[in-house]
Amino acid sequence: MVLALGWLALGCGSRGCGVKPQRAPSSDRDEPRLAGDDVARCRDEVQHGAVAVLPGAGGIDGLFASCDGDHLRAWVSRGHTLSTTRRALREASPWSPAVIVASGVEGLALVPQSAGPLVWRSPTAAIEGMEGVDTEEWWVLRGASGASPYTRGSLSFARNVQGRGALAAIDGDAQGAVSVLGSVIVEGDEEARVVRAEVRVPSGENLRFEGVPERLARGELRAFARGANVALVERAESGGGFDNTRIEAYAVDGARLVLRGSHALLGRHVLVVARGASRGREALFALATFERVRASAGCVDGLSLSEELCVRPGPVLVLRVDGASMRVTEIAPAGLPDAVEWDPDPRADGSAVVLYVGNDRGRPSQRAARMRADGSVSDSWALRAEGLPPLDRPTMISCAGELWMLGEVTVPSGDEDGGASESAAMAVPVKCTR
């Protein structure tokens, strides 16, 4: 299983009818083979790389990476428990003992490359004295770099306000306030609104947002690129007897959101990678549309994700947003995206890598594609390195001048009865996947 089924968020989508996607020249060529010292190093990473089993129950709900100096750090949400561990960048390094950061975590969707501040949703218990507060509460964590103790604060909303989509910490100040961008729907409204709220960190009291947050934009926050401060919003429109979904890119400009581009999608569902890639003021986002195929119809021309779920994916698109506009590029004719990131290697010449699930005769196939600075695709390859296990929820991170991939793997649990398995995290350099 190479795709987290929970990522198939309901929405709309197909090829699009607004901004016409630029069709990147297709390429079935594999990436150039490794040479020199990289061969031995990659062999150790893939065949002898350490895995980390993180606290929590069941499978992994969220897996994210950040760069912690000369270490790669993993953030894992599992059974509402958020924990973190890290490993050195030298080959086959072990992971450190995991540290539990918080419990009651729900909806951790974005972790910036520098790892902080972090923000997530958490259910609010029906505690005496908190009447009128429903289940929506936003938590913020600071000190996530490991250089100082963790500090946190939270903000709750009135009963008529419910959260939607992703959350992103966009900035903080010296007094400890962290500005959070998110989306909520207010009772009586038909659509969500993008809002901004301040959370004080640390805070020893329950802070509550009175009233209804001001609307900065219509729609639901689906993705955010922290470094470039660009948000991706999904907005549904109805008219002419059909539904139209529009993906809009906004730049955060002080207290405002400034529209940078819009792309119309036709269809039923859209999958958006929540974490965008940043390079200066430029941001990259990956998305794809898909249609569900009824089980009774079989999965002849679709992608089988489980015995009960078959989808027919549309093209894998990359949205490139700069200070003035948004460009849309088709990376693959069909697939479901997992991650997008710029390659920091000088030899990469400003290119980016997209991870996605392709269709190999109806079966999922993990693939990667390299997009040049001009938007063309130079190489596409299957993640097929000898000894590399299937990686669920793969994500990428630029760390110490190299592009890394972090994913979930299944390992034996060590139960005496045998046959049981456990979810764990594993990291390898992206160049070692071919």
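Overview of the environment of A251
For step 1, the next point in the chain: As for its position among the elements, A251 is in strand β16 (residues 242-253).
For step 2, the next point in the chain: You can call A251 buried: its relative accessible area is 13%.
For step 3, the next point in the chain: Through-space distance from the C-alpha of A251 to that of A231 is 6.3 Å; in sequence the pair is 20 residues apart.
For step 4, the next point in the chain: Beyond its immediate sequence surroundings of up to four residues, A251 is in contact with N229, V230, R256, L257, V258 and R260.

Description of the sheet that holds strand β5 (residues 99-103)
For step 1, the next point in the chain: Judged by pairing direction, the sheet is antiparallel, and its four strands sit side by side in the order β2-β3-β4-β5 without closing on themselves. Here the strands that pair on one side only, and so sit at the sheet edges, are β2 (62-68) and β5. Each strand of the sheet is rotated relative to its neighbour by a mean of 25°, with strand direction disregarded.
For step 2, the next point in the chain: Where strand β3 (residues 71-78) meets strand β4 (residues 81-88), eight bridges bridge the pair, whose relative direction is antiparallel. Bridge assignment links L72 to a residue of β4, and that residue is R87.

Looking at the sheet that holds strand β26 (residues 363-371)
The strands making up a sheet are joined through hydrogen bonds of the backbone, oriented either antiparallel or parallel.
For step 1, the next point in the chain: Strand order in this open sheet of four strands is β24-β25-β26-β27, and the pairing throughout is antiparallel. In the strand order of this sheet, the two ends are held by β24 (336-342) and β27 (377-382), each with one partner. Strand-to-strand, the axes of this sheet are offset by a mean angle of 25°, without reference to chain direction.
For step 2, the next point in the chain: As paired strands, strand β25 (residues 352-360) and β26 are joined by nine bridges and run antiparallel to one another. Looking at the pairing, A352 lines up with M371 of β26.

A short note on the confidence of the model for the protein chain
For step 1, the next point in the chain: For the protein chain, per-residue confidence averages 82 on the pLDDT scale, and 81% of positions sit at 70 or higher.
For step 2, the next point in the chain: Contacts from residues 1-20, a stretch scored under 50 in pLDDT, to residues over four places away or in other chains number 77 contacts.

A look at the packing of aromatic side chains
For step 1, the next point in the chain: Going through the model one piece at a time under the given rule, you end up with two aromatic pairs.
For step 2, the next point in the chain: Centroid distance W138 to F157: 4.8 Å. Interplanar angle 65°. Geometry classified as edge-to-face. Of the two residues, W138 sits in strand β7 (residues 133-142) while F157 sits in strand β8 (residues 151-158), which places them 19 residues apart along the sequence. As far as the burial class goes, W138 and F157 line up, both buried.
For step 3, the next point in the chain: By the ring-pair criterion, three or more aromatic residues cluster together here, those being W138, F157 and F209.

Considerations on the environment of E291
For step 1, the next point in the chain: Looking at the secondary structure, you find E291 in strand β20 (residues 282-293).
For step 2, the next point in the chain: Judged by its relative accessible area of 24%, E291 falls in the partly exposed class.
For step 3, the next point in the chain: Sequence-wise, E291 and C310 are 19 residues apart; in three dimensions their C-alpha atoms are separated by 8.7 Å.

So, the pattern of salt bridges
For step 1, the next point in the chain: The tally for this structure, following the rule as stated, stands at 20 salt bridges.
For step 2, the next point in the chain: With a shortest N-O distance of 2.6 Å, R256 and D253 are connected by a salt bridge.
For step 3, the next point in the chain: Residues R327 and D322 are paired through a salt bridge, measuring 3.9 Å at the closest nitrogen-oxygen approach.
For step 4, the next point in the chain: Look at the salt bridges and you will find they share partners, linking D38, R41, E402 and K431 into a network.

Cut-offs applied
- Residues numbered from 1 in each chain as written.
- Predicted model: local features only at pLDDT ≥ 70, side-chain atom pairs only at ≥ 80, totals over all residues.
- Heavy atoms only, no water.
- Helix = DSSP H or I, 4+ residues; strand = E, 2+ residues; numbered from the N terminus.
- Buried < 20%, exposed > 50% of the residue type's maximum accessible area, 1.4 Å probe, protein only.
- Contact = heavy atoms within 4.5 Å.
- Pairing = 2+ DSSP bridges.
- Axes fitted to C-alpha atoms, helices over the stretch in contact; angles between N-to-C directions.
- pLDDT = per-residue confidence, 0-100.
- Phe/Tyr/Trp six-rings, centres within 6.5 Å; stacked < 30°, edge-to-face > 60°.
- Salt bridge = Lys/Arg side-chain N within 4 Å of Asp/Glu carboxyl O.

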